[in-house]
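The lines below spell out each chain.
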Amino acid sequence: MSEMDFRTAICQALDEELEHDDSVIFFGEDVAVAGGVFATTGGLSDKHGTDRVFDTPISELALAGAAYGSAIGGLRPVIEIMFGDFLPLTMDSLVNQASKYWYLSNQQASVPLVVRSAIGGGGRFGAIHSQVPISWFQGVPGLKIVCPSTPADAKGLLKAAIRDDNPVLFLEHKRLYALSGEVDGEVGTIGEAAVVREGADVTLVSAMRTLHECLAAAETLAGEGVDCEVIDLRTARPIDSATILRSVEKTNRLVVVEEGPRTGGWAAEVLATVAEEGLGDLDAILRLTTPDHPIPYSPPLEDAFIPDADAIAQAVRAL
């Protein structure tokens with residue numbers, strides 16, 4: 001085990017997978033010489049060479065097409081889309097090509113590609129550099145969506161994503177890059193949620209930055225005699241429904257916290273799954289999301305826009 005921050009964990013995962021498998025390549029805008037706009041990829045080009053780690057022109061459409069083409073040609077590409085807000089430019093290659101190829105080829109050919117992208121609010125980047133794009137891709141069969149909350153999962157799940165034979169959208173919340181934690185270096189498992197705090201009174205489900213707000217709220221509520229169980233989703237597609245249902249069977253109360261629009265988000269999918277299973281008292285199920293409008297640039301308005309520990313604690317009290 002070693003202590004490192006989130007961005008170092010990302011860099012180590014890329015470094016180790018480039019070392020592990022000669023078919024892995026990595027490319028994107030400013031990822032080689034500059035080491036990434038969020039300083040996540042420094043030194044990789046010098047170590048592994050410009051044939052395997054290289055900068056590209058500013059064209060997300062070209063990046064996604066090159067990734068798809070190289071994947072079906074026998075490589076395992078990892079690309080970086082600088083901000084998740086630019087992912088719509090990759091839609092055709094990801095949604096109509098990469099995610100469907102295994103099915104259309106009668107299960108004869110896979111598309112092992114990873115799209116890394118920085119997402120999320122709280123950094124004063126404004127409405128078109130702060131979005132969480134999970135809901136745009138949530139309904140795409142064949143595409144996996146990974147959303148780590150800790151340095152350990154950043155490294156372990158990125159390694160798992162690169163080794164996966166399916167296309168994976170790997171989302172990194174930009175407000176977590178400086179977060180430090182213990183990292184064991186083990187390859188993670190895509191599709192498994194984690195119970196990061198056990199409790200008996202209410203289940204809190206979240207991911208990425210708001211997971212840490214849930215933990216802070218749980219600490220506050222513990223002082224009021226409310227025992228929260230906190231689940232880190234880790235993967236938004238597929239969602240680990242079994243872990244969530246086991247927790248709700250125990251607590252009979254559920255609060256789902258998503259940094260993302262209320263309409264069409266993964267929080268609604270979690271609530272629907274619980275409702276279909278007939279678990280819990282429906283009066284004790286609640287989702288807390290961002291409002292259905294663009295993310296404000298104003299610091300006070302942006303802070304109020306994103307669910308924080310105080311808002312989560314108040315939602316739990318409301319149950």
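Details of the structure are given in the entry above.
Residues numbered from 1 in each chain as written. Predicted model: local features only at pLDDT ≥ 70, side-chain atom pairs only at ≥ 80, totals over all residues. Heavy atoms only, no water.

Student: Give me the sheet that holds strand E5 (residues 114-119): which residues, what numbers.
Tutor: Across a sheet, strands are paired by hydrogen bonds formed along the backbone, either parallel or antiparallel in direction. Across the sheet, which stays open at both edges, the seven strands sit in the order E3-E2-E4-E5-E7-E6-E12 with mixed pairing between neighbours. Each edge of the sheet is formed by a strand with only one pairing partner; in this case those strands are strand E3 (53-55) and strand E12 (235-237). Across the sheet, the mean angle from the axis of one strand to that of its neighbour is 20°, orientation sign disregarded. Bridging between strand E2 (residues 24-28) and strand E4 (residues 76-83) involves five bridges; their strand directions are parallel. Opposite Gly-28, over in E4, you have Glu-80 as the bridge partner. (Pairing = 2+ DSSP bridges. Helix = DSSP H or I, 4+ residues; strand = E, 2+ residues; numbered from the N terminus. Axes fitted to C-alpha atoms, helices over the stretch in contact; angles between N-to-C directions.)

Student: How would you explain the nonpolar core if you had to name every residue and give the values?
Tutor: Counting residues in each nonpolar core, the largest one holds 77 residues, and the members touching the most others are Leu-113, Ile-244, Leu-254 and Trp-266. A total of seven residues in this core trace back to one element, the largest contributor, which is helix H1 (residues 6-20). Among all residues touching Leu-113, those that are not within four sequence positions of it are Ala-67, Tyr-68, Ala-71, Pro-77, Leu-94, Ala-98, Asn-166, Pro-167 and Val-168. (Core = buried A, V, L, I, M, F, W, Y, C linked by side-chain atoms within 4.5 Å. Buried < 20%, exposed > 50% of the residue type's maximum accessible area, 1.4 Å probe, protein only. Contact = heavy atoms within 4.5 Å.)

Student: Give a detailed account of the pairing of strand E10 (residues 202-206), specifying residues and quantitative values.
Tutor: Most of E10 is tucked away: five of the five residues are buried. Burial of the side chains of E10 extends over both faces: Val-202, Leu-204 and Ser-206 are buried on one face and Thr-203 and Val-205 on the other. Pairing analysis gives five bridges linking E10 to strand E11 (residues 228-232), with the strands arranged parallel. Counted as the bridge partner of Thr-203 is Glu-229 from E11. Regarding the hand of the β-α-β motif, the stretch spanning E10, helix H8 (residues 209-222) and E11 is right-handed. (Right-handed = clockwise from strand over helix to strand, strands pointing away.)

Student: Please give an account of a negative patch on the surface that cites residues and values.
Tutor: A grouping of Glu-249, Glu-269, Glu-276 and Glu-277 is seen on the molecular surface, where their side chains present a negatively charged patch. Within the fold, Glu-276 resides in helix H10 (residues 266-276). (Patch = residues over 30% accessible without salt bridge, like charges linked within 9 Å, V, L, I, M, F, W, Y side chains within 5 Å. Areas by Shrake-Rupley, 256 points an atom, 1.4 Å probe, with all protein chains shown as cover. Salt bridge = Lys/Arg side-chain N within 4 Å of Asp/Glu carboxyl O. Lys, Arg positive; Asp, Glu negative; His and termini not counted. Charge placed at Lys NZ, Arg CZ, Asp CG, Glu CD.)

Student: Which residues make up the environment of Gly-28, and what values do they have?
Tutor: You can see Gly-28 is positioned in strand E2. Placed 30 residues apart in sequence, Gly-28 and Ile-58 show a C-alpha to C-alpha distance of 8.3 Å.

Student: Residue-level account of the pairing of strand E13 (residues 254-261), with values.
Tutor: Counting buried residues along E13, seven of its eight residues qualify, which places the element largely inside the surrounding structure. Where E10 meets E13, three bridges bridge the pair, whose relative direction is parallel. Across the sheet, the residue bridging to Val-205 is Val-256, located in E13.

Student: Before we move on, could you go through the packing of helix H9 (residues 241-251) against H10 and cite the residues and values that matter?
Tutor: Where H9 contacts H10, the two axes come as close as 10 Å, and the packing angle between them is 60°. One way to sum up the angle between H9 and H10 is to call them oblique. Viewed along their axes, H9 and H10 form a crossing whose handedness is right-handed. Contacts between H9 and H10 involve Ser-241, Ile-244, Leu-245 and Val-248 from the first element and Val-270, Thr-273 and Val-274 from the second. (Parallel < 35°, antiparallel > 145°, perpendicular 65-115°, else oblique. Left-handed = near helix turned anticlockwise from the far one by under 90°.)

Student: An account of the sheet that holds E13 is requested, with residue identities and associated values reported.
Tutor: The five strands lie next to each other as E9-E11-E10-E13-E14, forming an open sheet whose pairing is mixed. Only two strands of the sheet have a single neighbouring strand rather than two, namely strand E9 (194-197) and strand E14 (285-290). Sheet twist, expressed as the mean angle between neighbouring strand axes with direction ignored, is 25°. Strands E9, E10, E11 and E13 of the sheet are contacted by H8, whose axis makes an angle of about 170° with E11.

Student: Describe the pattern of salt bridges, and please don't skip the residues or the numbers.
Tutor: Enumeration over the complete set of coordinates arrives at 15 salt bridges. A salt bridge links Arg-234 to Asp-153, with the nearest nitrogen and oxygen atoms 3.2 Å apart. Of this pair, Arg-234 sits in the loop between E11 and E12 while Asp-153 sits in helix H7 (residues 151-163), and the two are 81 residues apart along the sequence. Taken together, the salt bridges that share partners define one network made up of Glu-16, Glu-17, Lys-155, Lys-159 and Arg-163.

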